[in-house]
Amino acid sequence: MTFEQEWAELRAAAAQRTAMQINSVPADGGGGGGSGDLVVNRDDLGAIGNDAYALRTRLSKEGDLARPSTFDAAIALTNGNFACGSAVLKVHDFWQTHLKTLVDSCAQISNHLDYSKAQHAKDELKVQGDLAPISKLTEYMN
């Protein structure tokens, strides 16, 4: 078998596999959004990242407003021999822990989306720069 014959057989087999894959896609689009291409809307990522940053900023300021008075109340109750003083102090401590976790989570979301947005832009440029034009690929396939 010559190279040309083997190459023709391989191309025909690949075309048949591709046709079978295309023909086997469910009528509803298969859950991939219908287009088959990965789409990341950088504007959406940026908006969500900005919202997460704004939430983090607001939580950092406003989430801590009651802490000083709660702590003062817990100390006053404890000093006044009220049993609930230690419970109020526990509420204060739990609030601080959970608030810090929430603020850190918002920061991670914001940072991750900013990173994803920037990385996607870099990947897009790399893909566009590294790939041969489709017309060039078509020349090899015919």
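If you're wondering where the values come from, they're calculated on a predicted model, not measured in any experiment.

Draft legend 1. Looking closely at the overall build of the chain. Looking only at helices and strands, one finds five helices and zero strands in the chain. Ordered by position from the N terminus, the helices and strands of the chain form the series α-α-α-α-α. For the chain, buried positions account for 11% of its 142 residues. When the accessible surface of the chain is split by element, carbon and sulfur atoms take 60% of a total near 11,300 Å².

Draft legend 2. Representation of the side chain of Ser110 in the model. Along the polypeptide, Ser110 turns up in helix H4 (residues 84-130). Under the relative-accessibility criterion, Ser110 is labelled buried at 4%. Those residues in contact with Ser110 that sit more than four places away from it in its chain are Gly49, Ala52 and Tyr53.

Draft legend 3. View of the packing of aromatic side chains. According to the stated counting rule, one finds one aromatic pair in the structure shown. Ring centres of Phe3 and Trp7 lie 6.3 Å apart, and the angle between their planes is 10 degrees; this geometry places the pair in the stacked category. Taken together, the residues span about one helical turn, with Phe3 and Trp7 both in helix H1 (residues 3-23) at a distance of four residues.

Draft legend 4. Main features of the side chain of His92. Mapped onto the fold, His92 is located in helix H4. Given a relative accessible area of 10%, His92 falls into the buried group. Within the structure, His92 has its side chain in polar contact with the side chain of Asp93 (distance 3.0 Å). What His92 contacts, discounting residues up to four positions off in sequence, is Arg67, Thr70 and Phe71.

Draft legend 5. Here's a closer look at the pattern of salt bridges. Under the defined criterion, the tally for this structure stands at three salt bridges. A salt bridge links Arg67 to Asp64; its shortest N-O distance comes to 2.7 Å.

Draft legend 6. Molecular detail of unusual backbone geometry. Even without a glycine there, the phi angle at Asn81 is positive, about 65 degrees. Its place among the elements puts Asn81 in the loop between helix H3 (67-79) and H4. For Asn81, a relative accessible area of 73% corresponds to the exposed category.

The rules behind these values
Residues numbered from 1 in each chain as written. Predicted model: local features only at pLDDT ≥ 70, side-chain atom pairs only at ≥ 80, totals over all residues. Heavy atoms only, no water. Helix = DSSP H or I, 4+ residues; strand = E, 2+ residues; numbered from the N terminus. Buried < 20%, exposed > 50% of the residue type's maximum accessible area, 1.4 Å probe, protein only. Areas by Shrake-Rupley, 256 points an atom, 1.4 Å probe, with all protein chains shown as cover. Contact = heavy atoms within 4.5 Å. Phe/Tyr/Trp six-rings, centres within 6.5 Å; stacked < 30°, edge-to-face > 60°. Polar contact = N/O pair within 3.5 Å; in protein donor to acceptor, adjacent residues only side chain to side chain. Salt bridge = Lys/Arg side-chain N within 4 Å of Asp/Glu carboxyl O.

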